[in-house]
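Listed here are the chains, written in short residue letters.
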There are 2 protein chains.
Amino acid sequence: MKAKSPQKLPFSFLQLVGLLLFAGLPHALSGQGMDYSADSAFIKQIHDYTLSESHCYDWLRHLTKDVGSRLSGSPEAAAAVEYTRQLMESLGLDTVWLQPVMVPHWVRGGEEVVRIVESFEGSHFDLPATSLGNSVGTGPEGLRAEVISVQTLEEVEKLGRARIEGKIVFFDRPFDQTEYYTFRAYGKAVDQRVWGPSKAAEYGAVAVLVRSMTNSTDDVPHTGTLVYAEDQPKIPALAISTRAADLLRRQLKEGKVEVYIRNHCKMLEPTLSYNVIGEIRGSEKPDEIIAVGGHLDSWDVGEGAHDDGAGCVQSMQVLATLKHLGYRPKRTLRCVLFMNEENGSAGAKEYQAVSDRKGEYHLAALESDSGGFTPRGFRVDGHEDIFDAKYARVQAWQPLLKHWRLDLSKGGSGADVGHLKGQKGLLFGLEPDSQRYFDYHHTDRDVFEAVNKRELELGAAAMTSLVYLLDKYGLN
Amino acid sequence: MKAKSPQKLPFSFLQLVGLLLFAGLPHALSGQGMDYSADSAFIKQIHDYTLSESHCYDWLRHLTKDVGSRLSGSPEAAAAVEYTRQLMESLGLDTVWLQPVMVPHWVRGGEEVVRIVESFEGSHFDLPATSLGNSVGTGPEGLRAEVISVQTLEEVEKLGRARIEGKIVFFDRPFDQTEYYTFRAYGKAVDQRVWGPSKAAEYGAVAVLVRSMTNSTDDVPHTGTLVYAEDQPKIPALAISTRAADLLRRQLKEGKVEVYIRNHCKMLEPTLSYNVIGEIRGSEKPDEIIAVGGHLDSWDVGEGAHDDGAGCVQSMQVLATLKHLGYRPKRTLRCVLFMNEENGSAGAKEYQAVSDRKGEYHLAALESDSGGFTPRGFRVDGHEDIFDAKYARVQAWQPLLKHWRLDLSKGGSGADVGHLKGQKGLLFGLEPDSQRYFDYHHTDRDVFEAVNKRELELGAAAMTSLVYLLDKYGLN
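Residues numbered from 1 in each chain as written. Chains lettered and ligands numbered in written order. Predicted model: local features only at pLDDT ≥ 70, side-chain atom pairs only at ≥ 80, totals over all residues.

### Re the pairing of strand β14 (residues 375–382) of chain A
Residues and elements named next belong to chain A.
Phase 1 of the analysis: For β14, the buried fraction is high: 8 of the 8 residues fall into the buried class.
Phase 2 of the analysis: Bridging between β14 and strand β16 (residues 426–432) involves 7 bridges; their strand directions are antiparallel. What sits directly across from Arg379, in β16, is Gly429.
Phase 3 of the analysis: Bridging between β14 and strand β15 (residues 407–410) involves 4 bridges; their strand directions are parallel. (Buried ≥ 20, exposed ≤ 12 C-beta atoms within 10 Å, placed from the backbone. Helix = DSSP H or I, 4+ residues; strand = E, 2+ residues; numbered from the N terminus. Pairing = 2+ DSSP bridges.)

### A short note on the packing of helix α4 (residues 56–67) of chain B against helix α15 (residues 453–473) of chain B
Residues and elements named next belong to chain B.
Phase 1 of the analysis: One can describe the packing of α4 onto α15 by two numbers: an axis separation of 9 Å at closest approach and a directional angle of 115 degrees. Classified by the interaxial angle, the pair formed by α4 and α15 is roughly perpendicular. At the point where α4 passes α15, the crossing takes the right-handed sense. Taken together, the residues of α15 that come into contact with α4 (itself represented by Cys56, Tyr57 and Leu60) are Lys453, Leu456, Glu457 and Ala460.
Phase 2 of the analysis: Classifying every residue of the contact of α4 with α15 gives 5 nonpolar, no polar and 2 charged. (Axes fitted to C-alpha atoms, helices over the stretch in contact; angles between N-to-C directions. Parallel < 35°, antiparallel > 145°, perpendicular 65-115°, else oblique. Left-handed = near helix turned anticlockwise from the far one by under 90°. Contact = placed C-beta atoms within 7 Å. Nonpolar A, V, L, I, M, F, W, Y, C, P; charged D, E, K, R; others polar.)

### Some words on the domain arrangement of chain A
Interfaces are frequently sized by the accessible area removed from exposure as the parts join.
All names here are of chain A.
Phase 1 of the analysis: If you check the domain split of chain A, you get domain 1 (13–104 + 270–473) and domain 2 (109–264).
Phase 2 of the analysis: On a C-alpha basis, the centres of domain 1 and domain 2 stand 35 Å from each other.
Phase 3 of the analysis: Of the residues in the side of domain 1 that touches domain 2, the class split is 4 nonpolar, 7 polar and 3 charged. (Domains from an automatic or database assignment.)

### Re the sheet that holds strand β7 (residues 207–211) of chain B
Consider a sheet: its strands pair through backbone hydrogen bonds, and that pairing is either parallel or antiparallel.
Residues and elements named next belong to chain B.
Phase 1 of the analysis: Taken in spatial order, the 8 strands make up an open sheet running β3-β2-β9-β5-β6-β7-β8-β4, and their pairing is mixed. Whereas interior strands pair on both sides, the edge strands pair on one side only; in this sheet they are β3 (124–126) and β4 (129–131). Between one strand axis and the next, the sheet turns by 30 degrees as a mean value, whatever way the strands run.
Phase 2 of the analysis: Together, β5 (143–150) and β6 (168–171) form the strand contacts of helix α6 (residues 153–164), whose direction differs from that of β5 by roughly 145 degrees.
Phase 3 of the analysis: Packed onto the sheet, helix α8 (residues 191–202) meets β6, β7 and β8 (237–240) and runs at close to 155 degrees relative to β7.

### Brief notes about unusual backbone geometry
Phase 1 of the analysis: In this chain, Asp307 of chain A is followed by Asp308 of chain A through a cis amide linkage whose omega measures 0 degrees.
Phase 2 of the analysis: Tracing the backbone shows Asp308 of chain A in helix α10 (residues 305–324).
Phase 3 of the analysis: Look at His442 of chain A: it is not a glycine, yet its phi comes out positive at around 60 degrees.
Phase 4 of the analysis: Position of His442 of chain A among the secondary structure elements: in the loop between α14 (437–440) and α15 (453–473).
Phase 5 of the analysis: One non-glycine residue, Arg405 of chain B, lies in positive phi territory at about 60 degrees.

Have a look at this one:
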């Protein structure tokens, strides 16, 4: 594309309708005391500052390149706690503190082998593989068994102990590529990874392989948590890359396939860690809390850049931006970096428990944990007792958000702030464009270089804009 | 982010308003004979097919990895013509043909040097640089001169011959990072690159350096066309990377800076090349043409993946998808791969001239030349005599497009289809997310790996959906 005239701001028919309604129904907004032009100007200021002078991209560089991956219980997770605590201190917030929480401490333990063993000597083929988080290891000897492929948990039940016992169960159901929203495709496939190992163990399987959770066809295996059922034997489980899964599928069509697996994962004793929290105390309604956050832990592969370094630095940027612009919040604004989202959510549970115990009220909580991509809007969730009324309230802000091409829609907020539903505030999840997310998710490709500076910053600016509106107008 | 429940489809307040209007004003759509549910189902089919079975990503791999960059007049451009001609033949279109056009043949000529020469012996610093397209070369001796920095063309005029003569003029105005739409930032900065060299020459400058046209701060220089004024001496012009520009700016603040430049560019004799065209003849109104296209040429750096291999393969995919789905168009659907968009637009001019001569009528023309990123909608343009009426017509389709998060907005369509304005059809430009575009634009980073498969496919599906609606309903 060569030089051409600048594009005009998009101004769609529906936006027009929105503005006509806005003009025609003044009570809808002005009745709530909204000052559209002042808000519009301040939200522009937020974007201008974030796109030209903010620091979140540099913070992300440090968190990913210098600290690195941050699995719960690891020294790197401890470094991330200390780095972000110091960073929040430097922002001049009113209070910064660490909230102690015991977290699981799982270690991968090095080398991982998934090898197709042919019937004739010397013909081996190693598949790109990664142990699932929380998996047990095979021990140094490894194990070797025939593979049986299934598409669903139900298929394991149907095949029964006669067909499953002594085998390695291969969960092979792929992402549905026709889902526009990749998180939906993930939601439709991930039961295999989470519950597959114990379901297979229930029928006597010795190990589990899972097709990686991604839209992409490549050689990159994707880790992620499994959850062992209390009452079943714990068997080793690994993800293999999608290309490896395709290969294994072809081999299985031709006949019997044996696979040799070796890994060394271990669950160690729980470790003391922390949620990192900073707040600006509200000047008028300090007891109404607006929280914004992401999770500080990550998997041990890659650098946890999109998942969820991006959400952490964006959340800190929200408070930093408002502080820089001299905005004095009416309500208490709190940045919460949750520990252990990936394999236990101990941080979110502890944050909620402490908050409930203190009788706190989160008017709103906003999570960013869907990657540092161009923001498309926010998903909104909440307790059914209050949802409709409060959701109607935020819809009055649509014209202000539409200008930045942000939509509000009903949907899940996030794994961490979701725990606060009982406080009956409104829960929000930043919704970035989801198309590339599962190219990186839980892999060694989730590194700093995969995050675009402007896309990250636009997410931070979107979040700051929403927090500003929540603080200024509340939800009643 | 770990396992969570699937997201719900977004359904915003404004969409609701749109649908209420849709329900409340049945004549608006049904008066035009629209069948919302059939259209909605077919557009879903288009997306399903494109996201799961289409070939455009593989075509792009061939065009970028096997053919490579495709500068007008180069052997690679000829290979691209032949490859896409054969490809279109294989799609079973009614007619495929090559439209001859003479194109400029500029060559970079190898090595390019931009060196800061310090006052003491031996202290040199080479800046990452790339000659601007169409630039003359310095010749083997190169040239050395003092640098003077300016922000605008007007500043050159103000400084006048006394300050400019004998110098290298450094155009240093950066992108405005606060522009949400990066093409706007480009539009506000690119006059320096296009017109800067002749403006500087007018006042006696010996060469020009330009800060690269990008939002990114890095070491990657961005080429792109310059246009020499007929009545001015042609002087060499090169872009330097943004980090190099920052360095040069700092040095100039400290005092006099001399720079040595050497490059070997040449404009050769014009060369015969082709637009590649394929069409499916309309079954009811064959004289109403709906064209879809991109440009087949690219700069000689990188692989021309986003610019504009993506647009080419998407355009071919539109016809391939409709063909595959058994859709029989009423109107003539034409795929046009334009030659020489980057440095002359000879292909677009020839296409328009031939079309006008034949008395053709393009009911609509849709261009994809803004990168293979997630589509956000379409920009719509047209001759003022017809624009308002026809634009109102397409707005009736908003609810169908909104489901796929596509907006219609007024704005420029594209450098190639823009030539067809005189035929008084409607002109469309696919509008992908623009945030990353200028990380790659006209650089050696614009390679296949920079394009995400799903994002590319969603663009193709969006284009196919619009072409389907245009064909089915026309614009009257």
